[in-house]
Amino acid sequence: MPTVTVNGKEVSIGDSERLNCIQAAKRADIEIPHYCWHPALTVVASCRMCLVEVGDKKPDGTVAMVPRVVPGCQTPVKDGTVIVTNSAKVKQAQAATLEYLLLNHPLDCPTCDQAGECFLQDYTYKFGHMQSRLMEPKELKPDKDYIGDQITLFTDRCVMCTRCVRFTREISGTGELQVINRGDREEIDIFPGLPVNNKLAGNVVDICPVGALCSKDFLYKQRVWWLKSADSVCPDCSAGCSIKVDQNNETVFRLKPRSNPQAQGDFMCDDGRFGWKYIHSEERLKRPEMSQGDRRVAVDWDTALTATRNALKDAATKNSKAVAAVLSPWMTVEEAYLLAKHLKSLSPDVRLALGPVRIEGQDDHYPKDVRGNATDKPKFTIRAEKCPNRRGVEAVLQHFQGSIINIGDILSDAAEGRIDTLYFVGGDPRGGLEDSHAAALAKVKMLIVQDILPSPVSARAHIVLAGGSFAEREGTFVNQAGLAQAIKRSIRSPEEARPDGRILWDLSVRKGLFNAGVFRNEIAHEIPALAGLSGELHGSGALLK
Amino acid sequence: MPIQEKDVVWIEEPELSFWEQTFLPAVAGGLKVAIKHTIEQHSVTEQYPEQKPDLPLNYRGVHRLNRDEQGRVRCVACMMCATACPAHCISIVAEDASADWPDRDKRPQSFVLDELRCIFCGMCEEACPCDAIELTSIYNLTGQNREQMTFDKDKLLSIYDQTKDNPRDPIRTHRGRLGCASELERQPISATSAKPPEGPRAKKS
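Residues numbered from 1 in each chain as written. Chains lettered and ligands numbered in written order. Predicted model: local features only at pLDDT ≥ 70, side-chain atom pairs only at ≥ 80, totals over all residues.

Draft legend 1. The arrangement of the overall build of chain A in detail. Scanning chain A from terminus to terminus reveals 14 helices and 26 strands. Out of the 545 residues in chain A, the part that is buried amounts to 48%. Long-range pairs, those at least 24 residues apart, make up 67% of the contacts in chain A with a sequence separation of at least 6. (Helix = DSSP H or I, 4+ residues; strand = E, 2+ residues; numbered from the N terminus. Buried ≥ 20, exposed ≤ 12 C-beta atoms within 10 Å, placed from the backbone. Contact = placed C-beta atoms within 7 Å.)

Have a look at this one:
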C-alpha cells in the first residue's frame, strides 16, 4: 500500500486512489490552505495558497526534495512522496500569498456576510501577517448588485480563485460567469444581459471562499456565528440531497448542501435551497381541530388523539373493509411504520395506500450544453419526483400488506361511499390533492387529516392533526437510489403543532417518547427490506439493498 | 492570535512569614483603621439630589448611537455589540444601505436596546468597530413602564443629540486603531501623506 509522509507523519493511501497533496495531508489531519482547489472542480492552481515542499523518498532511505515550493493541489502523491507544510520556506510562501491577496481586499469584515465562515479571515489568522505594508490607497472596484436573481457580487472582496466560473462551466454547464480584464483589473462578471439564473446558481455562493458572492435571500439576515446547524435531507425531490439546516431562535435562515459522495455530491439545487419558506408560513396548521356541527373548533391534543383513536378502533371493529389510510411520500420511514403498524393491528383488512406522488416534468440533468440539453455524463440531477421518501413508504406498505394500493382506488371507492373512515396524511407543501379529487372524499363519514398546511383535503376533514415540517421532525428518508439518510430536528413546531412521529407514537399508545434513532433499529429488525437501517445512521447514510 | 505557551507567565503564591502566619499584624492594622475613623469624623454622604454627584469620566450610563459627519446613524449593523453583550439586550435588524447611501453597504433597520436588561458593562462600546454605540454619563434613567425603557434607534440617536456637546461625553473614538491595515504607527511618516482615493467608496476600508 502506498505510503505518504506528511510533516514526518506517515499515512497510507489506497492502491487505486489518485490524491493530491491537499487530500493526502488531510488524511494526516494536516490542513493545507487552499482557495481555488475544490474537490468537485478541475485544478487550475492559480491562487498559490497551497504551496508546499514536496520530495521523494528513495529506496535507500534518502529523501530528494524539489528545490522550490509547488502547488499542493496540482501535485499528485505516490508511494514515498514526502510533503512538508511547516518549513520556514512554506510559511513564508503562505504569508506572502495572503499578503498579496489582502492588498486590495477591503477590511469590511463587520459588514460582510461571510465573516465567521470566511477562508480569507481564517487563513490570515492562521498563516498570514497581522499587518499590511501597503502604503497606497486600496484599489476598490464597484459592486455588481445584479449578476443573478439570487446572487450579488461584491467585486472588491474577490480573490480570483475562479471557483464560480469553473462551477458554471463544469457542473451547471451554463457558463454565465467569466473573468474579464487582466492583471490587477481582473474581475468576475457576466455577459451583458445573461445573468446567472440557472437552477444550480445558489451553489456559487457556497463555493466562494470569501464574501464576494452573497445570497440575496440571506444577505444581512443573520451573522453566521449565531446559526446552529442540524444535518438533514432536502425534502423537495427524490434526489435526497444531504443538507444542513441553519437556524437561530427557532427561525430557519438558510439551507446549505452537505458534502455526501453517496448522495448528490457537494451541491444542491435552488428549488431546494430556497423552497423551505413554507415552514414559517402564517398559513401553517398550528393546533389540532375537530368539527362540531358545521364549524371547526380548536381542541387540545388529548381530545383530538383520543377521538382519532376511538374512531379508528370503532370503525375497524364494525366494518374494517371501510377503513383506509393514505400514507404520504413526505412521511419518514418511522412515521409510515407507526401508522401502518397501528392500523394493521386494529384489523388486517384496513387498506393502506400511497399518497399522491408529485411528478413535475422530467429529471433535469446537469451539466447542460450550449443549447440547454443535458450531456452524457450527468454530474447533478434534479429529480422530477418531488417527494423525498416514496421508496421508504413503499417498503413499509409492501411489508404490511404485500402490495401498494394506488390512491386512485381509494378515491374511487370513497366516491362510491365504500369508505367510512379515512386517515389521510399530507405533507406536500404545494397542497397535494387537487380540489376536484378531494371532492371524492365528500362521502367519507370520518376524515382524519394530518398535514402541515391547509389543503382541499384538510378543508373537508372532521379531525385535523397539525404536523411538523421536515425541519421539525426526526426520522429517515430513502431517496430514489435507495440511500437511507437521517433527518434531524432543528426547530420546534409552531404553536401547538407537533412533529408527526410524536403524534403517531401517542396515537398508537406506545410507552416512552418517540426517538427516531432507537426506533429505526426496531424497524430494521422487522422489515427485511429496510434491514440496512440498523445501527447508527451516519452523516452519509446507508445504501439499502 | 491564540495564546502562545511562551507568553504565559506562571507565578507562585508568596510564602507567609512567621508573623504573617499569626495574623496579629493584620489584626492590629485593622484596629488602627477603625480607631482612626472613630477619632477623625468627616462625612462622606452626598446630598443627592440637591447635590449632583461628581462622576468619574469613564462612568458608564445610558447608551447613545452616534451620528456620522452627514448626520446619519454611524452604526453599520455589524452586530458585534449584540454578540459581545453578556445580557443579550441588543437586537438589531440589518438592511442593505447601498441604494440610498452609496458609501455604505449595511445599516440598521431597527436597533433596539433594552435598558432594563443591560448591565452597563460597556462591552458593546468596546466591541463596536466604528465608534457608533457609546455609554454616556446619564445615570438617572427612569421610566414608567417597560416600553419606555426599551430604547429604539431614534431614541438612542436623540440621546446623542442631547449629549454631544456635553464635555463629559466626548466621542471616544479609536478610529485609526481598528485593525492591521489601519495601524499607521509603525509605518514611515510619508505613508500618512498618501491621499485617500476620491469617490464615495473610499471610506469602506
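From this point, the narrative continues.
Draft legend 2. Quick look at the overall build of chain B. Helix and strand counts for chain B stand at six helices and five strands. When the helices and strands of chain B are placed in sequence order, the string is α-α-β-α-β-β-α-β-β-α-α. In chain B, buried positions account for 20% of the 205 residues. In chain B, of all internal contacts separated by at least 6 residues, the share reaching a separation of at least 24 is 71%.

Draft legend 3. Main features of the environment of Ser-215 of chain A. Residue and element names in this part refer to chain A. Relative to the assigned elements, Ser-215 resides in strand β10 (residues 213-215). On the neighbour-count criterion, Ser-215 (23 C-beta atoms within 10 Å) is buried. Taking C-alpha positions, Ser-215 is 9.3 Å from Asp-149, a pair spaced 66 residues apart along the chain. In contact with Ser-215, not counting residues within four places along its chain, are Gln-150, Ile-151, Gly-202 and Val-205.

Draft legend 4. Local environment of the nonpolar core. The biggest cluster of nonpolar side chains holds 146 residues, and the ones touching the most others in it are Leu-327 and Leu-422 of chain A. For this core, the element with the most residues is helix α8 (residues 333-346) of chain A, which contributes seven residues. (Core = buried A, V, L, I, M, F, W, Y, C linked by C-beta atoms within 7 Å.)

Draft legend 5. Region of the structure containing the domain arrangement of chain A. Residue and element names in this part refer to chain A. When its domains are assigned, chain A resolves into domain 1 (3-97), domain 2 (108-226) and domain 3 (289-358 + 388-538). Placing the centre of domain 1 and that of domain 2 at their C-alpha centroids yields a distance of 27 Å. Listed by partner, the interface residues are 13 residues for domain 1 and 15 residues for domain 2. Looking at the side of domain 1 that touches domain 2, its residues break down into nine nonpolar, four polar and no charged. (Domains from an automatic or database assignment. Nonpolar A, V, L, I, M, F, W, Y, C, P; charged D, E, K, R; others polar.)

Draft legend 6. Quick look at the sheet that holds strand β15 (residues 295-298) of chain A. All names here are of chain A. Taken in spatial order, the eight strands line up as β15-β14-β23-β22-β21-β16-β17-β20 in an open sheet, and their pairing is mixed. Bordering the open sheet on either side are β15 and β20 (405-406), each of which pairs with just one other strand. Direction of pairing for strand β17 (residues 351-354) relative to β20: parallel, over a ladder of two bridges. Bridging from a neighbouring strand, Ala-353 pairs with Ile-405 of β20. Packing against the sheet, α8 makes contact with β16 (323-327), β17 and β21 (421-425), and its axis sits at approximately 175° to β16. (Pairing = 2+ DSSP bridges. Axes fitted to C-alpha atoms, helices over the stretch in contact; angles between N-to-C directions.)

Draft legend 7. Broad picture of the packing of helix α2 (residues 88-102) of chain A against helix α3 (residues 119-127) of chain A. Residue and element names in this part refer to chain A. With their axes 10 Å apart at the nearest point, α2 and α3 run at an angle of 140° to one another. Compared by their axis directions, α2 and α3 come out oblique. Here α2 runs over α3; the crossing is left-handed. Along the contact surface, α2 presents Gln-94, Ala-95, Leu-98, Leu-101 and Leu-102, while α3 presents Leu-120, Tyr-123, Thr-124 and Phe-127. (Parallel < 35°, antiparallel > 145°, perpendicular 65-115°, else oblique. Left-handed = near helix turned anticlockwise from the far one by under 90°.)

Draft legend 8. View of the sheet that holds strand β3 (residues 106-114) of chain B. Residues and elements named next belong to chain B. Read across the open sheet, the three strands follow the order β2-β3-β5; overall the sheet is antiparallel. Looking along the sheet, the strands with just one partner apiece sit at the ends: β2 (90-96) and β5 (150-151). Pairing geometry for β2 and β3, over seven bridges, is antiparallel. Within β3, the position partnered with Ala-94 by the bridge is Pro-108. Against the sheet, helix α5 (residues 153-163) engages β3 and β5, with an angle of about 85° to β3.

Draft legend 9. Representation of unusual backbone geometry within the structure. Along the chain, Tyr-366 of chain A connects to Pro-367 of chain A via a cis peptide bond; the corresponding omega equals 0°. Following the sequence through the fold, Pro-367 of chain A ends up in the loop between β18 (364-366) and β19 (380-382). Following Tyr-48 of chain B, the chain continues into Pro-49 of chain B via a peptide bond in cis, with omega recorded as 5°. For Asn-7 of chain A, which is not a glycine, the phi torsion comes out positive at approximately 50°. Phi is positive for Asp-29 of chain A, which is not a glycine, with a value near 60°. Within the secondary structure, Asp-29 of chain A is located in the loop between α1 (21-27) and β3 (51-57). For Asp-29 of chain A, a count of 9 C-beta atoms within 10 Å gives the class exposed.

Draft legend 10. Quick peek at α2 of chain A. Residues and elements named next belong to chain A. With 15 residues, α2 should reach 21 Å at 1.5 Å per residue; the first-to-last C-alpha distance of 21 Å fits that figure. Along α2, the positions that sit buried rather than exposed are Val-90, Ala-93, Gln-94, Thr-97, Leu-98, Leu-101 and Leu-102. Viewed along the axis of α2, the buried residues span an arc of 160°, placing them on a single side of the element. In α2, the exposed residues that point more than 90 degrees away from the buried face are Ala-88, Gln-92 and Tyr-100. (Expected span 1.5 Å × (residues − 1). Arc of directions from axis to C-beta.)

Draft legend 11. Spatial organisation of the environment of Gln-222 of chain A. Residue and element names in this part refer to chain A. Relative to the helices and strands, Gln-222 resides in the loop between β10 and β11 (228-233). Since 18 C-beta atoms lie within 10 Å of it, Gln-222 is described here as partly exposed. In this structure, the C-alpha to C-alpha distance between Gln-222 and Arg-254, residues 32 residues apart in sequence, is 9.9 Å. Leave out the neighbours within four places in its chain, and Gln-222 touches Leu-227, Asn-248 and Phe-253.

Draft legend 12. Region of interest: the packing of α8 of chain A against helix α9 (residues 390-401) of chain A. Residues and elements named next belong to chain A. Where α8 meets α9, the axes come as close as 9 Å, and the angle between the chain directions of the two elements is 20°. Between α8 and α9, the interaxial angle falls into the category roughly parallel. As for how α8 packs across α9, the hand of that crossing is right-handed. On the side of α8, the interface is formed by Val-333, Ala-336, Tyr-337, Ala-340 and Lys-344, while α9 contributes Gly-392, Val-393, Val-396, Leu-397 and Phe-400. A per-class count over the contact of α8 with α9 returns eight nonpolar, one polar and one charged.

Draft legend 13. View of helix α7 (residues 301-319) of chain A. Residues and elements named next belong to chain A. Across its 19 residues, α7 extends 27 Å between first and last C-alpha, which sits within 8% of the 27 Å expected from 1.5 Å per residue. Considered for burial, the residues of α7 that qualify are Ala-304, Leu-305, Thr-308, Leu-312, Ala-315 and Ala-316. All buried residues of α7 fall inside an arc of 110° around its axis, so they share one side. In α7, the exposed residues that point more than 90 degrees away from the buried face are Asp-302, Asn-310, Thr-317 and Lys-318.

Draft legend 14. Representation of the pairing of strand β12 (residues 242-248) of chain A in the model. Residues and elements named next belong to chain A. Two strands pair when backbone bridges link them, and β11 and β12 are joined in this way by six bridges, in the antiparallel orientation. Bridge pairing in β12 links Lys-228 to Gln-247. Sheet topology note: the β12/strand β13 (residues 251-257) ladder contains six bridges and is antiparallel. In the strand pairing of β13, Lys-244 is matched with Lys-256. What sits between the antiparallel neighbours β12 and β13 is a turn of two residues, in which Asn-249 has the positive phi angle 50°.

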